[in-house]
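Letter by letter, the chains look like this.
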Amino acid sequence: VPNLSQETTSKDVKFECRKQHLALTVNKMVVFKGVPFGSEGVRTDETFWQLDRSPDAVCVVLEVAKFKALEKWACIVVGEPEVDVRKVTFFDPRSAASGNLP
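Attention here is on the structure that accompanies the text. (Residues numbered from 1 in each chain as written. Predicted model: local features only at pLDDT ≥ 70, side-chain atom pairs only at ≥ 80, totals over all residues. Heavy atoms only, no water.)

1. Thoughts on unusual backbone geometry
Then, number 1: One non-glycine residue, N27, lies in positive phi territory at about 50°.
Then, number 2: Mapped onto the secondary structure, N27 falls in the loop between β2 (21–26) and β3 (29–34).
Then, number 3: Even without being glycine, K28 reaches a positive phi, approximately 65°.
Then, number 4: Note that K28 resides in the loop between β2 and β3. (Helix = DSSP H or I, 4+ residues; strand = E, 2+ residues; numbered from the N terminus.)

2. Looking at the environment of P36
Then, number 1: Looking at the secondary structure, you find P36 in the loop between β3 and β4 (48–53).
Then, number 2: Judged by its relative accessible area of 1%, P36 falls in the buried class.
Then, number 3: Distance in space between the C-alpha atoms of P36 and V77 is 4.2 Å, their sequence separation being 41 residues.
Then, number 4: The residues touching P36, leaving out its near neighbours within four places in the chain, are K19, Q20, H21, L22, G41, V42, W73, I76, V77 and V78. (Buried < 20%, exposed > 50% of the residue type's maximum accessible area, 1.4 Å probe, protein only. Contact = heavy atoms within 4.5 Å.)

3. Considering the pairing of β3
Then, number 1: With 5 bridges connecting them, β2 and β3 associate as antiparallel partners. Residue pairing in the sheet places V26 in a bridge with M29 of β3.
Then, number 2: Turn length for the β2-β3 hairpin, with the two strands adjacent in sequence and antiparallel, is 2 residues, and the turn residue N27 shows positive phi of about 50°. (Pairing = 2+ DSSP bridges.)

4. Focus on the packing of aromatic side chains
Then, number 1: Enumeration over the complete set of coordinates arrives at 0 aromatic pairs.
Then, number 2: Over the aromatic face of F67 sits the side chain of K19, whose NZ or CZ is 4.9 Å from the ring centroid. (Phe/Tyr/Trp six-rings, centres within 6.5 Å; stacked < 30°, edge-to-face > 60°. Lys NZ or Arg CZ within 6 Å of the ring centre and 35° of its normal.)

What follows is the structure, given as structure tokens:
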């Protein structure tokens, strides 16, 4: 979530994470809420958020661990705007080691 007020603190962020439910509220505004897009949901014990601060911006950064790590999600929760997953590539450490990065 980009472009938050510089006064935003971790107390202003509420993140709910269950295997089949994700919700993010910032400054009492619901950013998203619903069922994760993936077929098997998320790994709750490996999913976290942080507030990222720079002189110019404050952002909420999420890292969502999917049960099927290589499953491509078109959006974070069902009903949100979707991206074209055909354009999504995953980092492959074998390619990085050989210098063949996309």
